[in-house]
Amino acid sequence: MVEDDPTAGRTPRDVLLDSLLGRLREFVASPLTPGSQVLRGLLPPTEIDRGARVVLWDGQDLGTSYALEIPLLDDDGEEIPHDYFIAALRACVARHESLGPSFPDEGFAVPVRDARRDFLRTVEDPPLALADAVYLPLLSLGSANDPVPLSEDGEEEAGEGEWRLLGFMLVDERYARYYVRWTETGAVWGLDFCMRDEAGKVDSRGGTVNMIFPALVSSHDLERFRRPVSDIRCQAVYDLTAWC
């Protein structure tokens, strides 16, 4: 590993837990489900646990708390994508009472249910919500505080630079617009991504925008996707709904 590798000196399990914590911490104060289930804790597995434990409660009464034991990897030993993970977790939360009898956690007074099998079965085709589709491009496009390099190796070619995410808007049930500033010129662009496929099913392709968008810019092919619309918040709008 290189010296600045953030995973240096860490076990694979620690790397996975760090990723899991990054996915779930937003739900400490924001509901994970319409029933206002929020995150009370994330317990790393001990030597006798079979998976990490996600502890949930209603945000008001600690007596409502319970934990779901979930896997860190899928059946093939691969890390589970963010959108599929959150959607599968929501599904397990919705039917947690049917997951079998609970058992006590060894360290905390919360009942635990083994959700590993149900989780892995659900994650193969998770029930994505429209909000999931809106969130995925935000993950891929980065943040306003952290510019994203066009090239994955960080080396810029002539005329190429970085972009910063400025904002977004779910325009309607079908697509959302994401505003980015191109740091090379200061221009602000609007990127339209599809939220649903032609059959109306929620589309998760927005999670690949960090690959599609740079490829179109690098090949100087982005301009042919320019939309003839006016948006006072950007200099140009590009229709990437066929891609993301």
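These lines cover the structure that appears in this document, whether it is placed above or below. Note that the structure is a prediction, hence the values are computed from the model and not measured.

## Looking at helix α1 (residues 12-24)
No. 1: The terminal C-alpha atoms of α1, which comprises 13 residues, lie 19 Å apart, in line with the 18 Å expected from a rise of 1.5 Å per residue.
No. 2: Residues of α1 that are buried include every one of L16, L17, L20, R23 and L24, and no others. Down the axis, α1 shows its buried residues gathered within 115 degrees of arc, on one side only.
No. 3: Buried residues in α1 make contact with β1 (38-43), β2 (52-57), β3 (66-70) and α2 (82-94).

## Brief notes about a negative patch on the surface
No. 1: Judged by side-chain charge, D75, D76, E78 and E124 come together as a negatively charged surface patch.
No. 2: For D75, the position within the fold is in the loop between β3 and α2.

## Looking at the sheet that holds β2
No. 1: Spatial ordering of the open sheet is given by β1-β2-β3-β5-β4, a layout of five strands whose pairing is mixed. With partners counted over all chains shown, the strands left at the sheet margins are β1 and β4 (103-104), one partner each.
No. 2: Here β4 runs beside strand β5 (residues 111-114); their pairing, made up of two bridges, is antiparallel. Of the residues in β5, the one forming a bridge with P104 is P111.
No. 3: Sitting on the sheet, α1 touches β1, β2 and β3, and the angle it makes with β1 is about 170 degrees.

## Re the packing of aromatic side chains
No. 1: Per the stated rule, a full pass over the model turns up six aromatic pairs.
No. 2: On the basis of an interplanar angle of 15 degrees and a centroid distance of 6.0 Å, the ring pair of F168 and Y178 is categorised as stacked. A residue pair is termed long-range when its members are at least 10 positions apart, and F168 in strand β7 (residues 162-170) and Y178 in strand β8 (residues 175-182) qualify at ten residues.
No. 3: Of the residues examined, F168 reaches a relative accessible area of 42% and is grouped as partly exposed.
No. 4: When its relative accessible area of 0% is taken as the criterion, Y178 is described as buried.
No. 5: Geometrically, the ring pair formed by W182 and W189 is stacked, given 5.3 Å between the ring centres and 10 degrees between the ring planes.
No. 6: An aromatic cluster is built from W163, W182, W189 and Y238, whose rings are joined through pairwise contacts.

Reading the values: the criteria
Residues numbered from 1 in each chain as written. Predicted model: local features only at pLDDT ≥ 70, side-chain atom pairs only at ≥ 80, totals over all residues. Heavy atoms only, no water. Helix = DSSP H or I, 4+ residues; strand = E, 2+ residues; numbered from the N terminus. Expected span 1.5 Å × (residues − 1). Buried < 20%, exposed > 50% of the residue type's maximum accessible area, 1.4 Å probe, protein only. Arc of directions from axis to C-beta. Contact = heavy atoms within 4.5 Å. Patch = residues over 30% accessible without salt bridge, like charges linked within 9 Å, V, L, I, M, F, W, Y side chains within 5 Å. Areas by Shrake-Rupley, 256 points an atom, 1.4 Å probe, with all protein chains shown as cover. Salt bridge = Lys/Arg side-chain N within 4 Å of Asp/Glu carboxyl O. Lys, Arg positive; Asp, Glu negative; His and termini not counted. Charge placed at Lys NZ, Arg CZ, Asp CG, Glu CD. Pairing = 2+ DSSP bridges. Axes fitted to C-alpha atoms, helices over the stretch in contact; angles between N-to-C directions. Phe/Tyr/Trp six-rings, centres within 6.5 Å; stacked < 30°, edge-to-face > 60°.

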